[in-house]
Amino acid sequence: MAELVTIARPYAEAVFRIAQENNALGVWSERLSLLSSIARDERMRSCIGNPELSAVQKSALFKSLIGQALGSGEANLIDVLAANERLSALPEIAGLFEALKATQEGVKEATIYSAFPLDEGQRKALIADLETRFKTRLTAEVVVDQSLIGGVKIVVGDQVLDTSVRGKLESLSLALKN
């Protein structure tokens, strides 16, 4: 997996620079999402991996699936990726592009582990509190983890805020051992 990230990073950075120069981060975000979903399709993956198809054939097939939404930038990206046998890296390129875009926009990703499902009101209130605490805009994913017993554990980048019952019990256990 690390190898795919290494392969995808230069492409993602190049596309990001082009999108920035053209003030088109949102447009490229949508386009890369579309390209990524096509590259993830099982039938397309088998075509991408087929050694009997040339780079030109793979590129043409890919472009035909996109249709009207294809711009010159995307066509060039597809051609370059096909010529270098990197079409399968499109989902990773899209993910890295989104990370660069989020950094540019000052948005960080948060993962909220909760012992119980959160309704939309609780989720919004928690995110608002976290944005104040971390002094940044957040996009959050909520994951239900019943092993927490109660409360939440929040991961933002390399910071962890653990207010779960399990976390407090572990802290108490460590304190009692010392």
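See the structure above.
About the criteria used
- Residues numbered from 1 in each chain as written.
- Predicted model: local features only at pLDDT ≥ 70, side-chain atom pairs only at ≥ 80, totals over all residues.
- Heavy atoms only, no water.
- Axes fitted to C-alpha atoms, helices over the stretch in contact; angles between N-to-C directions.
- Helix = DSSP H or I, 4+ residues; strand = E, 2+ residues; numbered from the N terminus.
- Left-handed = near helix turned anticlockwise from the far one by under 90°.
- Contact = heavy atoms within 4.5 Å.
- Nonpolar A, V, L, I, M, F, W, Y, C, P; charged D, E, K, R; others polar.
- Buried < 20%, exposed > 50% of the residue type's maximum accessible area, 1.4 Å probe, protein only.

**Regarding the packing of helix α4 (residues 55-66) against helix α5 (residues 72-83)**
Item 1. In contact at an axis separation of 8 Å, α4 and α5 are set at 145° when each is read in the N-to-C sense. You can see that α4 and α5 cross each other, and the crossing is right-handed. Along its contact with α4, which presents Ala55, Ser59, Phe62, Lys63 and Ile66, the element α5 presents Ala75, Ile78, Asp79, Ala82 and Ala83.
Item 2. Across the contact of α4 with α5, the residue classes tally to seven nonpolar, one polar and two charged.

**A few points about the side chain of Lys101**
Item 1. Within the secondary structure, Lys101 sits in helix α6 (residues 90-105).
Item 2. Taking relative accessible area as the criterion, Lys101 reaches 15% and is therefore assigned buried.
Item 3. For Lys101, the contacting residues outside a window of four places in its chain are Phe16, Leu25, Gly26 and Ser29.

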